[in-house]
Amino acid sequence: MRLLVAGREGQVARALAARFAGHEVMALEPPALDLTDRASIEAAMQAAAPELVVNAAAYTAVDRAEDDAALAFAVNRDGAANLAAAAAARGLPFIHFSTDYVFDGRKGAPYTEADATSPLGVYGRSKEEGERAVLAANPRSAILRTAWVCSPTGGNFVKTMLRLAAERDALRVVADQHGAPTFAADLADAVFAMAPRLLAAAAGDEGFGIFHLSGAPHTTWHGFASEILAQAALRGHRHPPVTPIATSDYPTRATRPADGRLDCTKITRVHGIAPADWRASLARCLDELIGPPSAGLKEGAP
Ligand SMILES: NC(=O)C1=CN([C@@H]2O[C@H](COP(=O)(O)OP(=O)(O)OC[C@H]3O[C@@H](n4cnc5c(N)ncnc54)[C@H](OP(=O)(O)O)[C@@H]3O)[C@@H](O)[C@H]2O)C=CC1
Ligand SMILES: Cc1cn([C@H]2C[C@H](O)[C@@H](COP(=O)(O)OP(=O)(O)O[C@H]3O[C@@H](C)C(=O)[C@@H](O)[C@H]3O)O2)c(=O)[nH]c1=O
Ligand SMILES: [Mg+2]
C-alpha cells in the first residue's frame, strides 16, 4: 500500500509509520508538507503517488489556540480541507482525525456520531469545522474522532505525569473530567484495519463518515494519572500520591468538556474495530519509556 501521511514527528504520524512498516509510507511535515500551503501539498502528492492519504497533522495546543485562532483554523479547518480536496482530485480516499473536544460534555452519557457538536474552545471549534470541511471536500473521507491521545513520543499526558512525578512530592489532577485515553498505536491499528475497505469503496459506502474511537474503559484524568503512576511504580519510577481535584482548582486558558466519553459502537459494527483497553496499551508505552516491570530499575529512575 502507498500512503501519504501529513505529519511526521507527531504521535499518530509516528505510530502510522511503525504500523505500516513494509509498506510505502511518505510522512511529511513542514517545510516539506504544510497543510496551509496548497503548492506543498501538490508537490507531496506528486512525490508520494499515494493510494491513500492520511491527515495526522493538526494544531493541537488546546490552551494556546485560544490566543492563536487564526493559525488553529488555518491548519485544522482549511489545511485539512486542502489535503482532503487534493486527495479527492486524484480519486483517493482520505482518513482524518478529530476530537472529543467538539462536544461540550453536557450530555451526561457517551456521545454517538449522531449527537450534535458544540465545542467549548477554539481548538474544538477549529476541529469541528475541519470535520465539515473535510467531508465536503472529499466524500470518500473517514474521520476518526478520538480522545486523550498518548504514545511514547511527542508531548502527551503520560509523559507530563512521569515528569511531574519525578519532580514533585504530590500531583494534583482533575477528577471531574470524564473520557478515555487512546494510544496512538491503537489508532494506527484501526487505520490499518480500515484501509483495504476504504481503498475499494465508493462514495456513499458506510465505511466513510465519522467514527468514534477511544480506548476503554472510561475514566477521568485523575483515574488515568493514578494508573500511569501505579504502572510506572512497577517499573521502579518515583510515585508520589495523586490528589483528586476539581476543574475549578486547576484553571486553564481553554475550557475542556467535563464529559467527553465517546460511544464507539459504530466503528465496531461497520469496521469490526473494538476499543482497545488503554491500560494494556499504557503498559506497552511504559515498557518503551521506562522498561519492563521486571527490569528492576532503581527508585527514582527517570
Ligand atoms: N493529542 C491528542 O490528545 C488528540 C489528538 N487528536 C487528533 O489526532 C490527530 C493527531 O494528533 P497528534 O498525533 O497527537 O498530534 P501532534 O501534536 O503529536 O502532532 C501534530 C503534527 O502536525 C504537524 N503540523 C502542525 N501544523 C502543520 C501544518 N500546517 N502542516 C503540516 N503539519 C503540521 C506538527 O508539526 P510541528 O510539531 O512541527 O508543528 C506535528 O508533527 C490530530 O488531528 C488531533 O487533532 C484527537 C484527540 C486527542
Ligand atoms: C498537567 C496537569 C493537567 N491537569 C488537567 C488539565 C486538563 O483538564 C487535563 C488534561 O490536561 P492536558 O492539558 O495535558 O490535556 P489536553 O491538552 O486538554 O488534551 C487534549 O488534547 C487535545 C489535542 C485533544 O484533542 C483532547 O482529546 C485531549 O487529549 O488534566 C491536571 O489536573 N493536573 C496536572 O498536573
Ligand atoms: Mg516538528
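Predicted model, so just to flag it, every value in this text is computed and none were measured.

Draft legend 1. Region of interest: the overall build of the chain. Helix and strand counts for the chain come out as 10 helices and 12 strands. By the compact-globule yardstick of 19 Å for 302 residues, the chain fits well, its C-alpha radius of gyration being 19 Å. Taken along the three principal axes of its C-alpha coordinates, the chain extends 55 × 40 × 40 Å. A burial count over the chain gives 49% of its 302 residues as buried.

Draft legend 2. Quick peek at the packing of helix α8 (residues 221-233) against helix α10 (residues 278-289). At their nearest, the axes of α8 and α10 sit 10 Å apart, and the two run at 50 degrees to each other. Judged on the interaxial angle alone, α10 and α8 are oblique. Considering only the axes of α8 and α10, their crossing is right-handed. Of α10, the residues touching α8 (which contributes E227, I228, Q231 and A232) are R279, L282, A283 and L286.

Draft legend 3. Seen up close, the site of ligand 2. Near ligand 2 there are 20 residues, and of these T60, V62, T99, V174 and W221 occur at the shortest range. Those elements that place two or more of their residues in the shell around ligand 2 are α6 (157-167) and β7 (171-174). Top contributing element to the shell around ligand 2 by residue count: β7, with 4 residues. In terms of residue class, the shell around ligand 2 is built from 12 nonpolar, 5 polar and 3 charged.

Draft legend 4. Focus on the UniProt feature "domain: RmlD-like substrate binding" (unreviewed entry) in the chain. Following the UniProt record, one finds the feature "domain: RmlD-like substrate binding" (unreviewed entry) at residues 1-289. Measuring from the first to the last C-alpha atom of residues 1-289 gives 30 Å, for a span that is 42% helix and 16% strand.

Draft legend 5. Up close: the nonpolar core. Grouped together as the largest cluster of nonpolar side chains are 93 residues, with contacts concentrated most on V5 and L16. The leading source of residues in this core is helix α4 (residues 69-89), at 10 residues.

Draft legend 6. Spatial organisation of the site of ligand 1. Surrounding ligand 1, one finds 29 residues, the nearest of these being G10, A57, A58, F97 and V149. Elements represented by at least two residues in the shell around ligand 1 include exactly α1 (11-19), α4 and β4 (94-99). At 3 residues, the largest contribution of residues to the shell around ligand 1 is made by α1. Here the shell around ligand 1 is composed, by residue class, of 15 nonpolar, 9 polar and 5 charged.

Draft legend 7. A look at the sheet that holds strand β3 (residues 52-55). Read from one edge to the other, the open sheet built from 6 strands follows the order β2-β1-β3-β4-β5-β10, with strand pairing classed as parallel. Looking at which strands have only one partner, the edges of the open sheet turn out to be β2 (24-28) and β10 (209-212). In this sheet, adjacent strand axes meet at a mean angle of 20 degrees when their direction is disregarded. Sitting on the sheet, α1 is in contact with β1 (2-6), β2, β3 and β4, with an inclination near 165 degrees to β2. Of the strands in this sheet, β4, β5 (141-146) and β10 touch helix α5 (residues 122-137), which is tilted by about 155 degrees from β4.

Draft legend 8. Representation of α8 within the structure. Over its 13 residues, α8 extends 18 Å from the first C-alpha to the last, a length consistent with the 18 Å expected when each residue adds 1.5 Å. All of the buried residues in α8 are W221, F224, A225, S226, I228, L229, Q231 and A232.

Draft legend 9. Summary view of the packing of α4 against α5. Relative to each other, α4 and α5 sit at 15 degrees, their axes nearing to 8 Å. Here α5 runs roughly parallel to α4, going by the angle between their axes. Two packed elements cross with a definite hand, and for α4 against α5 that hand is right-handed. Packed against α4, whose contacting residues are A69, A72, F73, N76, R77, A80, A81, A84, A85 and A88, the element α5 presents V122, Y123, S126, K127, E129, G130, A133, V134 and A137 at the interface.

What counts, and at which threshold
Residues numbered from 1 in each chain as written. Chains lettered and ligands numbered in written order. Predicted model: local features only at pLDDT ≥ 70, side-chain atom pairs only at ≥ 80, totals over all residues. Helix = DSSP H or I, 4+ residues; strand = E, 2+ residues; numbered from the N terminus. Rg over C-alpha atoms; globule rule 2.2 N^0.38 Å. Buried ≥ 20, exposed ≤ 12 C-beta atoms within 10 Å, placed from the backbone. Axes fitted to C-alpha atoms, helices over the stretch in contact; angles between N-to-C directions. Parallel < 35°, antiparallel > 145°, perpendicular 65-115°, else oblique. Left-handed = near helix turned anticlockwise from the far one by under 90°. Contact = placed C-beta atoms within 7 Å. Near = placed C-beta within 6 Å. Nonpolar A, V, L, I, M, F, W, Y, C, P; charged D, E, K, R; others polar. UniProt positions renumbered as here; feature names shortened; annotations may be inferred. Core = buried A, V, L, I, M, F, W, Y, C linked by C-beta atoms within 7 Å. Pairing = 2+ DSSP bridges. Expected span 1.5 Å × (residues − 1).

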